[in-house]
Structure formats: C-alpha cells, structure tokens
Amino acid sequence: MRGLRVAIVSRDPDLRQAAARAFDAAPAHWVVTVHSDPPADADVIVRAPDVPGPGGVAFDPDDPAAVLDAVARSAARPRGRVALVVSACGGCGTTTLALHLAAALARRGARACVVESEAACGTVERLGLERPGLPDWSATSEDAGAGVDGCVIALPAGLRLLAAPAGGGSVAAALRAAAASSRAR
C-alpha cells in the first residue's frame with residue numbers, strides 16, 4: 001500500500017512546527033512533509049492560517065489534534081479522474097462520444113459529469129432538456145467560493161451535466177471553480 005502523502009504548507013516557522021507536532025500521532029503509512037508552497041504531488045494539503053488559498057485542510061493552531069481527523073476524512077473521499085473529449089471542429093461526434101463515455105462510467109457506478117463547454121455544442125438538447133430555466137455554470141465563482149454543486153443537473157442513471165450558459169462565458173473559470181469545490185470537500 002502506498003503511503004498517504006500529506007503536505008503541511010506554512011511560511012511561518014512556529015506554525016510549521018506546531019502543525020508538524022500535530023502529526024506525531026498520525027498513522028505510520030502517512031508520509032508527512034513540510035513546504036512553504038503547496039506541492040503538486042500531495043494527496044492532502046494542510047494549510048496553516050498564514051497560507052491563503054482554496055482547497056486543502058485548514059490547520060487550527062488552537063485545536064491541532066483536529067487536523068488528523070480532517071486529513072483522514074479528506075483522504076477517504078474518492079478521487080476523481082477527468083477525461084477531456086475535444087475536437088478541432090464541430091460535427092465530428094465529440095458530444096456523442098462524451099455522452100456515451102459518461103453514461104458508461106455512470107452505469108459502472110462512477111460519478112460522471114459532462115461539462116458542456118459552450119451552448120452551441122447541443123449537449124442539453126441531445127439529452128432532451130430545454131435550456132431556458134436550466135442551471136448552468138455561469139453561477140460559479142471561484143473567488144466567491146461558490147462551487148458548482150448548485151449548478152449541476154442530475155440525470156437518470158447517475159449521469160450529471162454542467163451546462164454552458166446560453167450567453168457564453170469562460171469554461172476555464174467554471175472548471176477552476178469545480179476543481180476548487182471538489183478539493184474543499
């Protein structure tokens with residue numbers, strides 16, 4: 001079994017030391033390292049109060065023991081994978097492939113969500129839905145901390161859809177908000 005990689009992130013030496021001490025009682029298979037910036041390869045990031053940013057587990061110097069439970073809960077959540085289906089032009093079957101792939105994953109019990117990049121893709125219409133009144137990813141805001149949970153449309157058989165707004169918008173911002181939302185849980 002591979003060890004759980006836990007990264008403590010702090011720039012303050014006293015906070016770093018307090019956070020590291022909290023992990024003295026951690027399970028032996030946890031590999032705990034200390035960093036001044038969040039590393040890309042950590043399974044769980046523990047942020048001290050001096051390091052702002054979305055996601056990760058917050059370290060509270062007034063309750064250091066709580067961080068172990070928070071890390072264990074965070075590590076127990078299933079990790080997702082992203083399959084990006086793109087094309088250079090319209091009409092070549094990208095939407096069909098993405099929908100079939102997501103439906104196949106959902107049938108196998110995986111949580112699958114199709115993210116429509118723009119309303120012109122026709123994903124909503126292909127699913128037999130009508131766009132007016134549907135939630136879309138325009139309501140996401142990574143700065144305001146509003147994730148995508150309220151924008152996702154649940155469909156039969158476990159499939160979910162994150163529809164594009166009819167008026168356009170930045171799919172990159174929606175994806176960043178979705179990633180921040182999934183790391184915060």
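Going by the structure above, here's the rest.
This text gives an overview of the structure that appears in the document. No experiment lies behind these values; they were computed from the predicted model shown.

1. Side note on the environment of Val 31
Line of reasoning, step 1. Within the secondary structure layout, Val 31 lies in strand 2 (residues 30–35).
Line of reasoning, step 2. Take Val 31: its relative accessible area is 44%, and that puts it in the partly exposed class.
Line of reasoning, step 3. In this structure Val 31 touches Gly 3, Leu 4, Arg 5 and Val 6, once residues within four positions along its chain are discounted.

2. Some points on the pattern of salt bridges
Line of reasoning, step 1. Enumeration according to the criterion identifies 4 salt bridges in this entry.
Line of reasoning, step 2. Arg 5 is the salt-bridge partner of Asp 43, the closest N and O atoms lying 3.1 Å from each other. Of this pair, Asp 43 sits in the loop between strand 2 and strand 3 (44–47) while Arg 5 sits in strand 1 (residues 4–9), placing them 38 residues apart in sequence.
Line of reasoning, step 3. Take Asp 43: its relative accessible area is 19%, and that puts it in the buried class.
Line of reasoning, step 4. In this structure Arg 5 comes out as partly exposed when scored by relative accessible area, which is 33%.
Line of reasoning, step 5. Among the salt bridges present, the one from Arg 11 reaches Asp 37, with a minimum N-O distance of 2.6 Å.

3. Some details on the pairing of strand 1
Line of reasoning, step 1. Counting buried residues along strand 1, 5 of its 6 residues qualify, which places the element largely inside the surrounding structure.
Line of reasoning, step 2. Bridging between strand 1 and strand 2 involves 6 bridges; their strand directions are parallel. Bridging across to strand 2, Arg 5 finds its partner in Val 31.
Line of reasoning, step 3. Two strands pair when backbone bridges link them, and strand 1 and strand 3 are joined in this way by 4 bridges, in the parallel orientation. Across the sheet, the residue bridging to Ala 7 is Ile 45, located in strand 3.

4. So, the sheet that holds strand 7 (residues 159–162)
Line of reasoning, step 1. The strand order across the open sheet formed by 3 strands is 5-7-6, and the pairing between neighbours is mixed. With one partner strand each, in any of the chains shown, strand 5 (112–115) and strand 6 (153–154) form the two edges of the open sheet.
Line of reasoning, step 2. Helix 3 (residues 94–107) rests against strand 5 and strand 7 of the sheet, and its axis sits at about 165° to strand 5.

5. Concerning helix 1 (residues 13–22)
Line of reasoning, step 1. Considered for burial, the residues of helix 1 that qualify are Leu 15, Ala 19 and Ala 22. For helix 1, the buried positions fall inside an angular range of 55° around the axis, keeping them on one side. In this structure, helix 1 carries Pro 13 and Asp 14 as exposed residues pointing more than 90 degrees from its buried face.
Line of reasoning, step 2. Residues of helix 1 that are buried in the fold lie against strand 1 and helix 2 (66–76).
Line of reasoning, step 3. Backbone nitrogen of Asp 14 and a side-chain oxygen of the N-cap are separated by 2.9 Å at the start of helix 1; the cap is Asp 12.

Cut-off values and rules
Along each chain, numbering runs from 1 in the same order as the chain's sequence is written. Totals for whole chains, interfaces and linings use all residues, but because this is a predicted model, local features are given only for residues with pLDDT of at least 70 and pairs of side-chain atoms are given and counted only at 80 or more. As a rule here, side-chain values cover all heavy atoms of the structure and leave hydrogens and water aside. Helix numbering and strand numbering both begin at the N terminus, where a helix is a DSSP run of H or I of at least 4 residues and a strand a DSSP run of E of at least 2. A simple rule labels every residue: compare its accessible area, found with a 1.4 Å probe on the protein chains alone, to the largest value its type can have, and call it buried under 20%, exposed over 50%, or partly exposed in between. Contacts between residues were defined by any pair of non-hydrogen atoms, one from each residue, lying within 4.5 Å. When a carboxyl oxygen of Asp or Glu is within 4 Å of a side-chain nitrogen of Lys or Arg, the pair counts as a salt bridge. A pair of strands counts as paired when DSSP detects no fewer than two bridges linking them. Axes here mean lines fitted to C-alpha atoms, for a helix over just the part in contact, with angles spanning 0 to 180 degrees between N-to-C directions. Summarising the geometry, the arc corresponds to the directions from the helix axis toward the C-beta atoms. Two N or O atoms count as a polar contact when they lie within 3.5 Å, although within protein this holds only if one can serve as hydrogen donor and the other as acceptor, and sequence-adjacent residues are included solely when both atoms are side-chain atoms.

So far we have only geometry, and geometry alone does not tell us how the molecule works.
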